[in-house]
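What follows is the residue order along each chain.
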Amino acid sequence: MPIYHFLRQLQVCGRDQAPSTAKTLHSQIIKLGLHQCGPLPNTLVDVYGKCGFFQYAHYLFEEMPHRDHVSWASILTAFNKANFPNITLSIFPAMFAIDRLQPDHFVFATLVKACAALGATTQGKQVHARYVLSPFCDDDVVKSSLVDMYAKFGLPDNARSVFDSIKMKNTVSWTAMLSGYARSGRKNEAMEMFKSAPVRNLFAWTALISGFVQRGNGIDAFYMFIEMRREGVDIVDPFVLSSIVGACANLAVLELGKQIHSLVIALGYESCLFISNALVDMYAKCSDIMAAKDLFGTMKRKDVVSWTSIIVGAAQHGQAEEALMLYNEMVSAGVKPNEVTFIGLIYACSHVGWVSKGRKLFKTMTEDYGISPSLQHYTCLLDLLGRSGHFDEVENLIKEMPHKPDEPTWAALLSACKHHGNTQMAIRYADHLMSLKLEDPSTYILLSNVYAKAAMWEQVSKVRKLMGEMEVKKEPGHSCIDIGKESQLFYAGETSHPLKKEMFNLLKELEEEMRRRGYVPDTSCVLHDMEQQEKERQLFWHSERLAVAYGLLKSIPGTVIRIVKNLRVCGDCHAVLKLISGIVKREIVVRDANRYHHFKDGKCSCNDFW
């Protein structure tokens, strides 16, 4: 009788996630000598796993004299729940090697989830092959997990093949397939599947919307979200809100982000941690770092994502001192930083030239927190050293680092060489880049500019030829500005805007004042063979200048002008925007391809170090 009493009590602990009660019951079981009786050992492993005490679960599992399929399913699930899918896969071989057991459908489902979490495509396919050859090959639960796994791998055709073999398709398999198509950019198939879904509930809408957001199709995500609201779908789960907040962040649409924030409050989800984290990230990416800080300050509970979001946000806005201060507060609060935190911190140091602090943070990350540096960490450190002109240290680090530098790493170093006028090293790095299979069009443009500055016209021609062969086209420069609910997009050389005349007159008036203050156009970034006057005319019509002129004409006096540019701000426009901010006494915030620039009183938050 006591065994069944304990079983019932332990099941309640697992359901309610009550670890202290579970420990008390465990103590009583040991005192009564029942710890190896019947189903109690397996139940204890399962309960500790559900309560997040995977160390206790693993200890009990290792001490069990006889382990069965339930034991293995419980411990593997515990590691998955604790976000250690790598351990799930590493200990699985012992199931056969030590306990002589073949996996059942529960174990297969757990292994598939671990592969999906790790993005382990090869191992996932191996588990799938083993499952097909097993007696459980018709289990629809495992098949639903496989659909989800392949969807997360970005292999929608594999997912569809498994999906079509499921006899009793449930909500999980439908939503996984929807998400797989949406996140792979297969919009038409995603929409067809959505229309044919037996139930278009919140989870189906969420799968479609979040898939579009992950793919970068934020506009499609918004259209579907608006349609969902029109259909009156009750938002009983807030995940769809965090996805649409993420779309606002990616598109840098501040006013729309504010509206979604209001909806979050109206629906009562403002205290939800992952929603608050998404909102902090959104405000930072939409250039309103003050709103991000204010929201962060009101959060009653903060996790590593909360702290990292505000630290990275401060770093991107050139507030390196603020980022490091937040890091110190984070550590004092007992929150352990993760690898993303250190990427943000080293990035912050990179953009203000704090070499010694950057080196120290890199050392702290590895020695104090045991975080193995990724290529991204090394790229940030190399960028810091290169920007600061420490090219000997750059060379040594490239030789010592365990990762092979990729295209973005070499491009960052090439840009640093170009900035410091280190022509010899720039040509060497450029020659190395030429040997790689390049994917980013901006890298080709950088190569062309470096060779052109060195008057290596044969190499310039070679780069241009490669671009033609690979159909690489430079994305036209454009800038977007939001004035209230109105959004305007300007391309470089815009000629058809209704306010063209007014914008031209305002820019000419500002240019005259700038020249009186000592402004001389920097045409070094215009590398075409043309007259000086024509080069200056090209600079005059850069998209960010047009957006600023429009903002000055249409916005409320005194308000911040916020602009999003798809390319990096050129040196001349950077100087011009500084001067304009001082002349008109307005703050101008520009989010370019690299970072955020806050122009105010004739200065920029990047301190001209970008």
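Model, not experiment: these values are computed from the prediction.

**Student:** Now, about the overall build of the chain: what can you tell me, with residues and values included?
**Tutor:** The helix and strand tally for the chain stands at 33 helices and six strands. Within the chain, the fraction of its 610 residues that count as buried is 50%. The long-range fraction of contacts in the chain, counting pairs at least 24 apart against all pairs at least 6 apart in sequence, stands at 62%. Just so you have it, the chain exposes about 29,900 Å², and 53% of that area is on carbon and sulfur atoms.

**Student:** Provide a residue-level description of a nonpolar patch on the surface, including the pertinent values.
**Tutor:** Judged by side-chain polarity, I219, Y223, I226 and L251 come together as a nonpolar surface patch covering roughly 390 Å² of accessible area. Counting residues per element, the nonpolar patch draws most heavily on helix α15 (residues 218-230), which supplies three residues. L251 gets classed as partly exposed once you look at its relative accessible area, which sits at 32%.

**Student:** Hey, could you go over the nonpolar core for me, with residue numbers and the actual values?
**Tutor:** Core analysis: the largest hydrophobic core is formed by 153 residues, its most contacted members being I75 and F225. Residues within four places of I75 in sequence aside, it is in contact with V45, A57, H58, F61 and I91. Among the nonpolar cores identified, the runner-up in size contains 30 residues, and I481, I561, C573 and L577 belong to it.

**Student:** With reference to specific residues and values, describe the pattern of salt bridges.
**Tutor:** A full pass over the atoms with the stated rule returns 21 salt bridges. Of the charged contacts, one joins R387 and D383 as a salt bridge, the two residues approaching to 2.8 Å between their closest N and O atoms. A residue pair is termed a helical-turn pair when its members lie 3 or 4 positions apart in one helix, as R387 and D383 do in helix α24 (residues 375-387) at four residues. Across this residue pair, the class does not change: R387 and D383 are buried. As a salt-bridge pair, E395 and R428 come within 3.0 Å of each other at their nearest N and O atoms. One end of the pair, E395, is in helix α25 (residues 391-400); the other, R428, is in helix α27 (residues 423-434), with 33 residues separating them in the sequence. Overall, R428 belongs to the partly exposed group, its relative accessible area being 41%.

**Student:** Tell me about the state of the cysteines, and please be specific about residues and values.
**Tutor:** The full count for this structure, using the stated rule, is zero disulfides. You can see C573 has no disulfide; the closest cysteine sulfur is in C570, sitting 3.6 Å from it. Judged by its relative accessible area of 0%, C573 is buried.

**Student:** Go over the packing of aromatic side chains with me, naming the residues and quoting the values.
**Tutor:** Applying the stated criterion to the full structure yields 11 aromatic pairs. An angle of 85° between the planes, with centres 5.2 Å apart, marks the rings of F163 and W174 as edge-to-face. Taken together, the residues F163 in helix α11 (residues 156-165) and W174 in helix α12 (residues 171-183) connect sequence positions 11 residues apart. The two residues F163 and W174 agree in class, both being buried.

**Student:** Quick rundown of the sheet that holds strand β1 (residues 478-483)? Include the residues and the values.
**Tutor:** Taken together, six strands build an open sheet; the order of strands is β2-β1-β3-β4-β5-β6 and the sheet is mixed. Edge strands, defined here as strands with exactly one partner in the open sheet, are β2 (486-491) and β6 (603-604). Here strand β4 (residues 588-591) runs beside strand β5 (residues 596-600); their pairing, made up of four bridges, is antiparallel. Paired with I588 across the two strands is F599, which belongs to β5.

**Student:** Can you tell me about the pairing of strand β3 (residues 561-565), naming the residues and giving the values?
**Tutor:** Burial along β3 is one-sided: the face carrying I561, I563 and K565 is buried and the face carrying R562 and V564 is not. Here four bridges tie β3 to β4, and the two strands are oriented parallel to one another. Each bridged residue has a counterpart across the sheet, and for R562 the counterpart in β4 is V589. A crossover links β3 with its parallel partner β4, the connecting element being helix α33 (residues 571-584), and its sense is right-handed.

**Student:** Now, about helix α30 (residues 500-516): what can you tell me, with residues and values included?
**Tutor:** The terminal C-alpha atoms of α30 lie 24 Å apart, and with 17 residues this matches the ideal 24 Å at 1.5 Å per residue to within 8%. The positive-phi residue at the C-terminal boundary of α30 is G518, with phi of around 105°.

**Student:** Before we move on, can you summarise the packing of helix α17 (residues 254-266) against helix α18 (residues 273-285) with the specific residues and values?
**Tutor:** Contact geometry for α17 and α18: axes closest at 11 Å, N-to-C directions at 160°. When the axis of α17 is compared with that of α18, the two are roughly antiparallel. In the crossing of α17 with α18, the sense of the turn from one axis to the other is left-handed. Across the interface between the two elements, L254, G257, K258, H261 and V264 of α17 pack against I275, L279, M282 and Y283 of α18. The residue makeup of the contact of α17 with α18, split by class, is six nonpolar, two polar and one charged.

**Student:** Go over unusual backbone geometry, please, and point to the residues and values.
**Tutor:** Look at N83: it is not a glycine, yet its phi comes out positive at around 65°. Mapping N83 onto the fold places it in the loop between α5 (69-81) and α6 (85-91). For N83, a relative accessible area of 61% corresponds to the exposed category. Of note in the backbone geometry, K585 takes a positive phi value of approximately 55° without being a glycine. Within the fold, K585 resides in the loop between α33 and β4.

Basis of the calculations
Residues numbered from 1 in each chain as written. Predicted model: local features only at pLDDT ≥ 70, side-chain atom pairs only at ≥ 80, totals over all residues. Heavy atoms only, no water. Helix = DSSP H or I, 4+ residues; strand = E, 2+ residues; numbered from the N terminus. Buried < 20%, exposed > 50% of the residue type's maximum accessible area, 1.4 Å probe, protein only. Contact = heavy atoms within 4.5 Å. Areas by Shrake-Rupley, 256 points an atom, 1.4 Å probe, with all protein chains shown as cover. Patch = residues over 30% accessible without salt bridge, like charges linked within 9 Å, V, L, I, M, F, W, Y side chains within 5 Å. Salt bridge = Lys/Arg side-chain N within 4 Å of Asp/Glu carboxyl O. Core = buried A, V, L, I, M, F, W, Y, C linked by side-chain atoms within 4.5 Å. Disulfide = S-S within 2.5 Å. Phe/Tyr/Trp six-rings, centres within 6.5 Å; stacked < 30°, edge-to-face > 60°. Pairing = 2+ DSSP bridges. Right-handed = clockwise from strand over helix to strand, strands pointing away. Expected span 1.5 Å × (residues − 1). Axes fitted to C-alpha atoms, helices over the stretch in contact; angles between N-to-C directions. Parallel < 35°, antiparallel > 145°, perpendicular 65-115°, else oblique. Left-handed = near helix turned anticlockwise from the far one by under 90°. Nonpolar A, V, L, I, M, F, W, Y, C, P; charged D, E, K, R; others polar.

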